[in-house]
Structure formats: structure tokens, C-alpha cells
Amino acid sequence: MTGSRRIAAAVVAVATVAVAGCGLGPGESEEGTASLRVTRDHGAELIDEATLSDPTESETVVRFLDRETDIETSYGGNFVDSIDGISSAVEGGRSLDWYYYVNGYWSPIGAGEATVHANDRIWWDYRDWTDSYRVPAVVGSYPEPFRSGLNGTRVPTELVCYPSGTDGGACDEVEASLTDAGADLTTTTPAQAEDGKDTLRVLVGDWDEVRADRAAQMLEGGPGESGVFAEPVRCDGGWALQALSADKTVQGTGTDAGWIATVQLAEDQPTWLVSATDADALDAAAAMLDEETLRDHYAVASFGAEPVPLPAPDPIPDLQKVTC
Amino acid sequence: MRAALAYSPRPGPLGGARPSIAAVYLGPLAVISFSFSSPAVLLSCGLTAIGIAWASGALRPALAPLRYGVTLAITVVVVNVIVSQRGDTVLVRGFELPVIGQVDVTLEALAEGGILALRILVALLVFAVWSACVDPDRILKAIRPFAARSALTATLISRLVPLAAADSMRLQEAASLRGPAAAEAGRAAIARRLVAGALERSVEVAATLELRGFGLGGRPTRVRHARVPGEPAMVIAGLLTAALVIAAWAAGAGTIETYPLISGGFEPETLAFALLIPLAAALPFLSPAQLRRLRAEAAR
């Protein structure tokens, strides 16, 4: 075989490998409606929203976004620099950028590679990432990820009920909400609970009990470790929750606080925390597990009154501040 | 001695014009090639450049760089299609490539690549016309009052580089004529002889420059060139094209959006802009004398 023939054969071989498995046109569509929300400042302001019926096989997050908004991209469309004129920036020493979540999961791949599936909830948020670059999961797309999972594959859910959750009825309320959401649900106790490698876990109990879980413990490490802008702190022999703003300023501390937040240990599935400073506040936390209350929030807390988004606004309404 | 660039004296107003006038005339065309994305405008600009080259008797040297340009343009299209994952009209999906991963080929990425390629070709054409029609020595003379040493260096390079190339060819010919029994003269040996020859020549050039007083550092005199009859028309044409560019910018004409869907690029104001570019550029060639010359050229 001559040199040129060898080259031609190699080119044909590479081309054959390249086109294997590819198809012409946009591909088949999947029945269902995907949604898109574009917000800024951790979901505080809604910029745009849209829906997409029956997405095709070739529908990607960036294509969906491109169709609905005015964007500028780099890396061939994998990195979104600007949406509707709002660009990556450094303002007053704080770094701001666009992040996207699919069904509440932070996506580690470029938006040009992430495929849109039926019923996916895609959320783009322009936020300050100076103090928490990685927020691996958020609650704002509820009932996702319990209903559809990720990449079109449903993920089983394990509801872990601690004694304080079972006694007060908070666990029943969470179970009902997750069942309504369409979760593939198993209810269990902490002793029987599996690890979170392939299972979405929802831990329900007061903080004294829940903090025994390795993933839950990340919350005490602050936003840099957990991605949650709240931190449980010791207070008069019990627990209080410090609600933090996006620049980690303490906006308020409450001893009767309940919260819903997500943390993620290494490569595990996210762990949802429905917890409170004490058993009395746990019912209020469980009551927040609904689509309306959680929409567009990274996490939420309750200090005995209206739910408060986390990072916390300044001031937090009706908060009886305590000093620990 | 052979010129370093494609230039040779040519008929017509552009061939005889001063470099500054040629810049006023061709500059707006270069600006169009970089600033507008509508295929209609880019094609019009490219055809205008080809027309100017033909009317100036420089069609062949103006088209010569396109050989390399077409290869570059095809590369740009292919790379854009592979790299850009934007665009709504998916032609081929799930194309798997090593390192890059899964690639979707979209019509919009193809169009964006095509526009980039067209832009490259048109810019190349405009600069090729400049190279073929504007005397580089006159450019260097025009630069001399402001940057004497740079002008001198560029002048020397424009002469010595082609001379070294000619020397190399002569050495290779001489080596091949020594007969089959002679030992082969390798590239290193020819390169050594070439460098030695170039150093000798450099010393001679330096001595000549010294004798002519270049070392005294006197201020070079400004060379005034006589006006050429077609120059006023070239200035008017250049200013007219510049005015068209500004008007198109103000009207938002001449652009095309490729993502997420291809839109625009052929609106009435864009087409009017595209149509007026060659008309403005034709102005210097519309005098009776020029028309007679062009008719004779066409008849040949």
C-alpha cells in the first residue's frame, strides 16, 4: 500500500468512527415540556422564562437559551458570557457570573453539551460567586430532581426520618409532598439508610440528630464548604441558625429556625436537609416543601414567620434577633 | 532586480496614484471587509476589488493569493462547524470526534463559518489589489520623513530577500550542473554559502550607504510626487464609499444574525449599500480616456 493510500485509508477509518452513531436532522422528540427560568442574584429577580414542548434529541441547554434570550458565548457556545446584556463581571471586588442548574443539579459540563429532556427544569442565575464558587445543588426547581432525575433518568429517593421528624409529623408531611411530586420513594430510619451514591436522600429531623450525617455536617462549614448561605451555631445549649447574605454577612440569627437546603458529598447524589434548630420548628420547615415556596431559591429558612430565601435579604422581615 | 511584492507599474488611475490617495480609495473597502457580515455586502466588496484589479491590469496578481486564501477559508468553515455548538437547525447530530467529543453540525454554524471565510477572502483581495497596484518604494519614501530608519530597513529587506532567494536558486542550479559523479551538495552546505554571500553583500551595502552619507543622520527631504489626473476622482470615490459605510452603520444595515437562526443580511437598505459600493468605486474609471483604455483592454 502506498503512502497516499495509507493516508486515505486512515482518513476513511477516522471518518467511519466519527459518523458511527450519528444521525441526520434534529432527531426524535421526547413527549413533555421543559422549562427555562433566567434570574439574577440567587433567584431574587426573574429576567426571563420560557417553555419548550417535546424537546428533540439534539436540543441542548444553550440552544434553548439562545432561542429565548440574547446571548454571547465563548468556547463554541459551551460557556455563556452574557444573557440579555448582563455579562460576567467583577464589581467592587466581587465576581459575578452565569450559572445553570438542570433539575436542581449544578451542571459540570458546558451548556452546549447538556441535552434537554422532557420535563427538565433549567435555571440560569447570574450570581456573586466570590464566597461560594460551587453550589452543587439547589432547591429552587422542586419537584425536581425527585420527579425526573437527571439526563432523562429518574433517581430513587430515600426519605430518612429521624425520631424528631417521626414524632412531630414532619416526616409524614415531607413524605406526602414527595409522593405528590412523583418521587420513586422509600422511607427509612437513619440506622437503615443507604449512602447517597445513587440515591437522592431527604433527611428530616432536628439539627441535633441530622448533624450526625456526614453530608449534613457540611452545613456547619459555611457557604464555602456547603454552598448554603446559612450556618447552624451553638446557642445557649441548643442550636441557632445564622442566615447569611451573598457576601457572608450575618443577616440574622434565630433559635426557632427551620430550613430546607441541599448539600453534596463528593460525587454522591445531593442530600436534601429538612431540618430545624429544635423539634418545634421542624414542622415549619416541612411545610415549606412545596413548589411555590421553593421556586428560584438556593435554599430557604423560616424564623417563625414567612419563609426567607438563602442567601438572606437585608433585613430579614419579622426576625427576633438573638445573640449567642 | 525582481520586486519583493506583486507590484509592477500598471495603467489606470490606481497604478499611478500616490500611496495616500490609494489608501483613501481602497481603505473603505478594507473597512467594509472587516466590519460588515452580510454576504451581499461582502460579495459586492469582493467583486468590486476584482473589478478594480481588472481595470488596473492587475487581475492575475490580485487573484494569486486566493489560492492560499481558499485553503484557509475552507479550514475556517470546517473548524467553525466542529467547534460551534450553537444554531437551531441541526443537520447532523451526535458526530463523535476524538478529544472534542460529541458534535452537532448546524446550518447556522456552517453559515457563520462561511461568512468568516468570505470575510477573509475579501480582505485578502483588497490587500492584494493594494500590493499589486501601489508602488512599495513610493510607500517607503512617504514613510521616510517620519521613520527614516524603519523605511531604510524595509527598503533593504524588500531588495535583499528576493536577492537571497535568487542566489539560492543559482547555487542549487550550479550544484546540479556539476555532473553525476560530483558529491551531493546538501542543504546545509548551500545555506552556509548563502549566509556567507549575504554577509559579504551586507558589508558592501553598508559601505555604499556610508559613502552616500546615510551615517550622517541628515533629515531626509520630503519627496513630492506629481499629481496624477485620476486622483481627484479616486479621493471622491473613497470619501463616497466611506460615507456609505457610515450611513450603513447608522442605519444598522449590512449585518446578518446567524444564531440561533439565520436572519437579516438581505434587507433593502443592505442590498442598496451592496449595490452602491461598486458604483462609487467605479468613479475613477469613468473618464472618457479611462473608458477608451478599458474598451481596448476588453477587446484584447
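Residues numbered from 1 in each chain as written. Chains lettered and ligands numbered in written order. Predicted model: local features only at pLDDT ≥ 70, side-chain atom pairs only at ≥ 80, totals over all residues. Heavy atoms only, no water.

Let's talk about helix 10 (residues 231–251) of chain B
Residues and elements named next belong to chain B. With 21 residues, helix 10 ought to run about 30 Å at 1.5 Å a step, and its terminal C-alpha atoms sit 30 Å apart, in line with that. Regarding helix 10, the residues found buried are Glu231, Met234, Ala237, Gly238, Thr241, Leu244, Val245 and Ala248. On an axial view of helix 10, the arc spanned by its buried residues comes to 140°, and they lie on one face. Opposite the buried face of helix 10, by more than 90 degrees, sit the exposed residues Pro232, Leu239, Ile246 and Ala250. If you follow the buried residues of helix 10, they end up packed against helix 1 (12–16), helix 2 (19–35) and helix 11 (268–282). Among the residues trailing helix 10, Gly252 stands out with phi positive, at a value near 70°. (Helix = DSSP H or I, 4+ residues; strand = E, 2+ residues; numbered from the N terminus. Expected span 1.5 Å × (residues − 1). Buried < 20%, exposed > 50% of the residue type's maximum accessible area, 1.4 Å probe, protein only. Arc of directions from axis to C-beta. Contact = heavy atoms within 4.5 Å.)

Description of the pattern of salt bridges
Taken as a whole and judged by the stated rule, the model has 21 salt bridges over all chains. Among the charged side chains, a network of salt bridges with common partners joins Arg121(A), Glu291(A), Glu292(A) and Arg295(A). (Salt bridge = Lys/Arg side-chain N within 4 Å of Asp/Glu carboxyl O.)

Brief notes about the interface of chain B and chain A
Every contact between the two is made by 18 residues of chain B and, on the other side, 21 residues of chain A. The contact between chain B and chain A buries some 1700 Å² in all, and 47% of this surface belongs to carbon and sulfur atoms. Among the residues chain B hides against chain A, the three largest losses belong to Gln85(B), Arg86(B) and Arg93(B). Together they make up 41% of the total. Scanning the region where chain B abuts chain A turns up four salt bridges. The partner of Arg86(B) in a salt bridge is Asp66(A), with the nearest N and O atoms 3.0 Å apart. Joining chain B to chain A, the criterion identifies eleven residue pairs in polar contact (both at pLDDT 80 or more). Put simply, the parts of the chain that give the side of chain B that touches chain A at least two residues each are strand 1 (90–97) and strand 2 (101–106) of chain B. The greatest single-element share of the side of chain B that touches chain A, amounting to eight residues, is contributed by strand 1 of chain B. Here the side of chain B that touches chain A is built from residues that sort into eight nonpolar, five polar and five charged. Bridge count between strand 1 (residues 23–24) of chain A and strand 1 of chain B: two bridges; the pairing is antiparallel. Within strand 1 of chain B, the residue paired with Gly23(A) across the bridge is Arg93(B). (Buried area = accessible area lost by both parts, 1.4 Å probe. Polar contact = N/O pair within 3.5 Å; in protein donor to acceptor, adjacent residues only side chain to side chain. Nonpolar A, V, L, I, M, F, W, Y, C, P; charged D, E, K, R; others polar. Pairing = 2+ DSSP bridges.)

Some thoughts on the state of the cysteines
Throughout the structure, instances matching the rule amount to one disulfide over all chains. Linked covalently through their sulfurs, Cys161(A) and Cys171(A) form a disulfide whose S-S length is 1.5 Å. Between Cys161(A) and Cys171(A), the disulfide has an S-S torsion of -75° and is therefore left-handed. With a gap of ten residues between them, Cys161(A) in strand 11 (residues 157–161) and Cys171(A) in helix 4 (residues 170–181) connect regions that are remote in the sequence. Cys171(A) shares its class with Cys161(A); the two are buried. Among the cysteines around Cys133(B), which has no disulfide bond, Cys45(B) carries the closest sulfur, lying 15 Å off. The class of Cys133(B) is buried, set by a relative accessible area of 0%. (Disulfide = S-S within 2.5 Å.)

Brief notes about the sheet that holds strand 17 (residues 258–263) of chain A
Residues and elements named next belong to chain A. If you walk across this open sheet you meet the seven strands as 12-11-13-18-17-19-20, and the pairing is mixed. Each having just a single partner strand, strand 12 (185–188) and strand 20 (307–310) make up the two edges of the open sheet. Put simply, the sheet's adjacent strands are angled 20° from each other on average, direction ignored. In the sheet, strand 17 pairs with strand 19 (residues 299–302) via three bridges, with the strands oriented antiparallel. Paired with Ile260 across the strands is Val300, a residue of strand 19. (Axes fitted to C-alpha atoms, helices over the stretch in contact; angles between N-to-C directions.)

Observations concerning helix 3 (residues 39–55) of chain B
All names here are of chain B. Spanning 17 residues, helix 3 covers 24 Å between terminal C-alpha atoms, matching the ideal 24 Å at 1.5 Å per step. The buried fraction of helix 3 is high, at twelve of 17 residues. Listing the buried residues of helix 3 in full gives Pro39, Ala40, Val41, Leu42, Ser44, Cys45, Gly46, Thr48, Ala49, Ile52, Ala53 and Ala55. Positioned one or two residues after helix 3, Gly57 has a phi angle of 70°, which is positive.

Looking at the environment of Ala49(B)
Residue and element names in this part refer to chain B. Here Ala49 is to be found in helix 3. Taking the C-alpha atoms as reference points, Ala49 and Leu63, 14 residues apart in sequence, are found 10.0 Å from one another. Beyond its immediate chain neighbours, meaning those up to four positions away, Ala49 contacts Leu125, Val126 and Val129.

Observations concerning the nonpolar core
Residues and elements named next belong to chain B. Ranked by internal contacts, the top residues of the largest apolar core, which has 44 residues, are Leu14, Tyr25, Leu29, Ile32, Ile52, Val129 and Phe273. At the level of secondary structure, the elements contributing two or more residues to this core comprise helix 2, helix 3, helix 6 (107–133), helix 10 and helix 11. Excluding residues that lie within four positions of it along the chain, Val129 makes contacts with Leu14, Leu26, Ala49, Ile52, Ala53 and Ala62. (Core = buried A, V, L, I, M, F, W, Y, C linked by side-chain atoms within 4.5 Å.)

Focus on the domain arrangement of chain B
The assigned domain composition of chain B is domain 1 (17–134 + 224–299) and domain 2 (146–220). Between the C-alpha centres of domain 1 of chain B and domain 2 of chain B there is a distance of 38 Å. (Domains from an automatic or database assignment.)

Regarding the packing of aromatic side chains
All names here are of chain A. Scanning the model with the defined rule gives 15 aromatic pairs over all chains in all. Ring geometry for Tyr99 and Tyr133: centres 6.2 Å apart, planes at 70°, overall edge-to-face. One end of the pair, Tyr99, is in strand 8 (residues 94–102); the other, Tyr133, is in the loop between strand 10 (121–128) and strand 11, with 34 residues separating them in the sequence. In textbook terms, an aromatic cluster arises when at least three aromatic residues are bridged by ring pairs, as seen for Tyr99, Trp106, Trp129 and Tyr133. Taking the ring centre of Tyr99 as reference, the NZ or CZ of Arg127 above it sits at 4.0 Å. (Phe/Tyr/Trp six-rings, centres within 6.5 Å; stacked < 30°, edge-to-face > 60°. Lys NZ or Arg CZ within 6 Å of the ring centre and 35° of its normal.)

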